[in-house]
Amino acid sequence: MSMFKIFDTAASGMSAQSLRLNTVASNMANADSVSSSIEETYKARQPVFSALLNQLNPDAPAVGVQVKGVVESQAPLSMEYAPNHPKANEEGYIFRPNVNVMEEMANMISASRSYQSNVEVVNTAKQLMIATLRLGD
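These numbers come from a predicted model, not from an experiment.

Engineer: Tell me about helix 2 (residues 101-134), residues and numbers included.
Structural biologist: Structurally, the α-helix is built with 3.6 residues per turn, so residues lying three or four positions apart point the same way. Helix length check: helix 2, at 34 residues, gives a terminal C-alpha distance of 49 Å against a target of 50 Å (1.5 Å per residue), a fit within 8%. Inspection of helix 2 places E104, A111, N118, V122, A125 and M129 among the buried residues, and these make up the whole buried set. Where helix 2 is buried, its residues contact helix 1 (5-29) and strand 1 (45-51). The residue sitting at the N-terminus of helix 2 and contributing the capping side-chain oxygen is N100; that oxygen lies 3.0 Å from the backbone nitrogen of M102.

The structure is reproduced here in structure tokens:
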């Protein structure tokens, strides 16, 4: 395996965690939004990842992370009786997103640390390559 594959693997991890951070930001930005119907209500989104396998040797270790897509949460929405709210429907109910702010904070911390770990992998690999080149001096 080429030493430069390390950079590709870490870059795919950083890209995946960046998407994860963006979905967390979107979820948290919409956590307090309300609407008058279930169809219009924001639903929490989560990215779906899979291991990127070596096409030449599927039994070999994974060589990166692949983003499969972003899915909406199937958790139930919150329905609240608020007849005086401007967004209330005919029955007086408003709907709130299924965003759990505590889970999103945990996701944000996890994604941030995973991103930082991939940055450290890149920095360490770079330092090792430089040290290897200096052996010839």
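Engineer: Hey, could you go over the side chain of N118 for me, with residue numbers and the actual values?
Structural biologist: Structurally, N118 is set in helix 2. In this view, N118 contacts A10, G13 and M14; residues no more than four positions away in its chain are not counted.

Engineer: Outline the environment of S78, supporting the account with residue identities and numerical values.
Structural biologist: Within the secondary structure, S78 is located in strand 3 (residues 78-81). Assessed through its relative accessible area of 32%, S78 is described here as partly exposed. When sequence neighbours within four positions are dropped, the list of residues in contact with S78 reads I94, F95 and R96.

Engineer: Residues and numbers for the pattern of salt bridges, please.
Structural biologist: Summed over the entire model, instances satisfying the criterion amount to 2 salt bridges. As a salt-bridge pair, R45 and E72 come within 3.4 Å of each other at their nearest N and O atoms. Placement of R45 in strand 1 and of E72 in strand 2 (residues 65-72) is noted, with a sequence separation of 27 residues between them. For R96, the salt bridge goes to E80, with nearest N and O atoms at 2.8 Å. With R96 in strand 4 (residues 93-96) and E80 in strand 3, the pair connects residues that are 16 residues apart, well separated along the chain. Exposure remark for R96: the relative accessible area of 26% places this residue in the partly exposed category.

Engineer: Please give an account of the environment of N30 that cites residues and values.
Structural biologist: With respect to the helices and strands, N30 occurs in the loop between helix 1 and strand 1. Residues N30 and Y81, spaced 51 residues apart in sequence, show a C-alpha to C-alpha distance of 20 Å. Filtering out sequence-adjacent residues up to four positions away, N30 remains in contact with Y42 and P97. At 2.8 Å, the side chain of N30 forms a polar contact with the backbone oxygen of S26.

Parameters at a glance
Residues numbered from 1 in each chain as written. Predicted model: local features only at pLDDT ≥ 70, side-chain atom pairs only at ≥ 80, totals over all residues. Heavy atoms only, no water. Helix = DSSP H or I, 4+ residues; strand = E, 2+ residues; numbered from the N terminus. Expected span 1.5 Å × (residues − 1). Buried < 20%, exposed > 50% of the residue type's maximum accessible area, 1.4 Å probe, protein only. Contact = heavy atoms within 4.5 Å. Polar contact = N/O pair within 3.5 Å; in protein donor to acceptor, adjacent residues only side chain to side chain. Salt bridge = Lys/Arg side-chain N within 4 Å of Asp/Glu carboxyl O.

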